[in-house]
Amino acid sequence: MPLNIDPDIFTHGHEQFRRTVRHFFETQADPFVEQWDEDHAMPRSFWLKAGEAGILGIGVSEEFGGPGGDFLDRVVMTQEMGYSISGASIGPAFQRDQMCEQLMDFGTEEQKRQWLPKMVKGECLLAFTVTEPDSGSDLASIRTTAVRNGDDYVINGAKTYISGIADADLFMVACKTDPAAGSRGISIFLVERDRPGLGIGRILKKMGCHASNNGELVFDNLRVPATNLFGPLNGGFKVLVKSLNRDRLMWSIIAHAAATRAFDLTVEFVKNRRAFGQTIFDFQNSQFKLADMKADLDVGQAYIDHCLRTYLRKGEVDMGEATVAKLWLPEMEGRVLDQCVQLHGGAGYMHEYPVSRLFTAGRLHRIFAGTAEIMRLQIGRAL
Ligand SMILES: Cc1cc2nc3c(=O)[nH]c(=O)nc-3n(C[C@H](O)[C@H](O)[C@H](O)COP(=O)(O)OP(=O)(O)OC[C@H]3O[C@@H](n4cnc5c(N)ncnc54)[C@H](O)[C@@H]3O)c2cc1C
């Protein structure tokens, strides 16, 4: 059951791009991902090859060295990354590429010229840093501060769980610039990795997504020039909300694509594995479980297509729809993955079987880019 692509949404050009992206993941990521999991890192050569293949920086215009492309190209990339065998390991690190769009939307001319050409080549990797030891879902309660001092800002504080921390060259850091103003007092700064005062803390051991490392950052009287302010002063929350909205839809799409891959792998597995003189597939229990999964996946795809059609009509991701998608699709993925592991038997628990890696990666999808509870909260509040 390959991804069900609606020809009324995607053009021939998008499908050509899909073939390029799929080939790239199959040849440049899937064969190496078990080693990257062991290393807890992806080599820079992967990023440089992705840059050469023209799959980084979708949406970045030629003026800044980018390949151009539209929102649906980003969707294609996201679906293919989610469906790939390597996606379960590299997902959080790979999705950082989406920050190019934030730079296009909110960067100054100088920031775009400085960073985008390097980002689209894979020479500059970003990390998005909001979460702190004492605040995650409650974005407005971050405590990292940036205080104006002459032509600089001085940053103090700490961040945690940051994806791709080991190889990031540039950090987008959410800070309080007006601590009394709550969400209206947040600003974002670009912080280069080699700035004095930036401490890279522990790399954290995780349940899954091993190739995509996560860790801690400390800012100790770190100085950045005021020109490193990203987006409006005290307007950082709007920057975050715009990117979180897109993130919600993209992680819903990844959840669906990953569940589809697990389903495909499981159908293949149960048709080959035998017990009690027949294939596992021949047991009616297996077929009932697979039928439930197929229904879940088809319904999920229909909702994603609905969100994409809204985008095409409105020119932006609808916040309410993205919130429903981010609630339902990762929970659906959880149901599907749990049954896929079960139908694999012991093999489903072994790291060498992709379904095992998809299972641990899928657990993340209900937690980050907004937890399921925060989605429920926001859907409920809007009723
Ligand atoms: C693998 C991984 C990668 C990550 N990458 C990044 C990254 O690159 N950059 C970054 O900034 N962050 C990153 N994060 C952090 C992630 O965004 C947060 O973990 C997430 O937002 C949840 O925040 P928290 O962990 O502080 O949980 P908390 O906010 O402390 O929540 C704990 C529990 O309480 C629930 N809860 C909280 N508030 C409410 C409420 N009002 N009503 C009901 N229930 C509530 C939550 O849903 C959750 O179940 C990453 C996390 C992981 C695990």
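What you see is a predicted model; the values in this text were computed from it and never measured.

## Observations concerning the nonpolar core
The biggest cluster of nonpolar side chains holds 65 residues, and the ones touching the most others in it are Phe25, Phe46, Phe71, Ile90, Phe94, Leu249 and Leu308. For this core, the element with the most residues is helix H8 (residues 236–272), which contributes 13 residues. Domain assignment of the residues forming this core places at least three in each of domain 1 (12–124) and domain 3 (237–381). In this structure, Cys100, Leu103, Ile188 and Leu190 belong to the second largest nonpolar core, which totals 24 residues.

## So, the site of the ligand
Residues in contact with the ligand amount to 18 residues; listed here are only the nearest, Phe128, Thr131, Ser137, Thr371 and Glu373. Contact between the ligand and threonine 131: a nitrogen atom at 2.7 Å from a side-chain N or O atom of the residue. Between the ligand and the protein, one listed contact pairs an oxygen atom with a side-chain N or O atom of serine 137 at 2.6 Å. The residue inventory of the shell around the ligand, partitioned by class, reads nine nonpolar, seven polar and two charged.

## Regarding the packing of aromatic side chains
All told, the structure shown has twelve aromatic pairs when counted by the stated rule. Summarising the aromatic geometry, the rings of phenylalanine 24 and phenylalanine 25 are spaced 6.0 Å apart at their centres and angled 75 degrees between planes, so their arrangement reads as edge-to-face. Looking at phenylalanine 24, the relative accessible area reads 5%, which means it is buried. Owing to a relative accessible area of 1%, phenylalanine 25 belongs among the buried residues under this scheme. Within the aromatic cluster, the residues linked to one another by ring pairs are Phe24, Phe25, Phe32, Trp36, Phe46, Trp47 and Phe94. Here the basic side chain of arginine 18 rests over the ring of phenylalanine 10, its NZ or CZ set 5.3 Å away from the ring centre. When the ring centre of phenylalanine 281 is taken as reference, the NZ or CZ atom of lysine 271 above it lies at 4.8 Å.

## Some details on the pairing of strand E3 (residues 152–163)
Bridge count between strand E2 (residues 145–149) and E3: five bridges; the pairing is antiparallel. Directly across from threonine 145, in E3, lies its bridge partner asparagine 156. The turn linking E2 back onto E3 is made up of two residues, and glycine 150 within it adopts a positive phi angle of 60 degrees.

## Looking at the environment of arginine 376
Within the fold, arginine 376 resides in helix H12 (residues 372–381). Distance from arginine 376 to glutamate 321, taken between C-alpha atoms, is 12 Å for residues 55 residues apart in sequence. Those residues in contact with arginine 376 that sit more than four places away from it in its chain are Leu327 and Glu331.

## Focus: the layout of surface pockets
Taken as a whole, the second largest pocket spans an internal volume of roughly 370 Å³. Looking at the second largest pocket, it is lined by 19 residues, and the ones nearest its centre are Asp105, Lys242, Arg246, Tyr311 and Gly315. Elements represented by at least two residues in the lining of the second largest pocket include exactly helix H4 (71–83), helix H6 (99–106), H8 and helix H9 (284–314).

## Structural notes on empty space enclosed by the protein
The final tally for this structure, using the stated rule, is four cavities of 30 Å³ or more. Lining of the largest cavity is provided by Trp47, Leu56, Arg96, Asp97, Cys100, Met119, Gly122, Cys124, Leu125 and Leu126. Of the residues belonging to the lining of the largest cavity, the class tally is seven nonpolar, one polar and two charged. What the second largest cavity holds in volume is close to 70 Å³. If you go around the second largest cavity, you meet 14 residues; those closest to its centre are Gly87, Ala88, Ile254, Ala361 and His365. Those elements giving two or more residues to the lining of the second largest cavity turn out to be helix H5 (87–94), H8 and helix H11 (354–364). A total of four residues in the lining of the second largest cavity trace back to one element, the largest contributor, which is H5. Counting contributing residues per domain, the lining of the second largest cavity is built from domain 1 (12–124) and domain 3 (237–381), each supplying no fewer than three.

## Some remarks on H5
For H5, the tally of buried residues reaches eight of eight residues, placing the bulk of the element in the interior. Taken as a whole, H5 has its buried residues at Gly87, Ala88, Ser89, Ile90, Gly91, Pro92, Ala93 and Phe94.

## Regarding the domain arrangement of the protein
Reports of interface size often rely on the accessible area that becomes lost once the parts have come together. Domain annotation of the protein identifies domain 1 (12–124), domain 2 (127–234) and domain 3 (237–381). One C-alpha centre belongs to domain 2, the other to domain 3, and the line joining them spans 30 Å. In this complex, domain 2 contributes 14 residues to the contact, which on the side of domain 3 involves twelve residues. When domain 2 packs against domain 3, the two sides together hide about 1100 Å² of surface, and 83% of this comes from carbon and sulfur. For the interface between domain 2 and domain 3, the tally reads zero salt bridges. Across the side of domain 2 that touches domain 3, the residue classes tally to nine nonpolar, five polar and no charged.

Conventions used here
- Residues numbered from 1 in each chain as written.
- Predicted model: local features only at pLDDT ≥ 70, side-chain atom pairs only at ≥ 80, totals over all residues.
- Heavy atoms only, no water.
- Core = buried A, V, L, I, M, F, W, Y, C linked by side-chain atoms within 4.5 Å.
- Buried < 20%, exposed > 50% of the residue type's maximum accessible area, 1.4 Å probe, protein only.
- Helix = DSSP H or I, 4+ residues; strand = E, 2+ residues; numbered from the N terminus.
- Domains from an automatic or database assignment.
- Near = heavy atom within 4 Å.
- Polar contact = N/O pair within 3.5 Å; in protein donor to acceptor, adjacent residues only side chain to side chain.
- Nonpolar A, V, L, I, M, F, W, Y, C, P; charged D, E, K, R; others polar.
- Phe/Tyr/Trp six-rings, centres within 6.5 Å; stacked < 30°, edge-to-face > 60°.
- Lys NZ or Arg CZ within 6 Å of the ring centre and 35° of its normal.
- Pairing = 2+ DSSP bridges.
- Contact = heavy atoms within 4.5 Å.
- 1 Å grid on protein atoms, 1.4 Å probe; cavity = no way out; pocket = protein on both sides within 12 Å on 5 of 7 lines; lining within 4 Å.
- Points joined across faces, edges and corners; volume = space filled by probe spheres on them.
- Buried area = accessible area lost by both parts, 1.4 Å probe.
- Salt bridge = Lys/Arg side-chain N within 4 Å of Asp/Glu carboxyl O.

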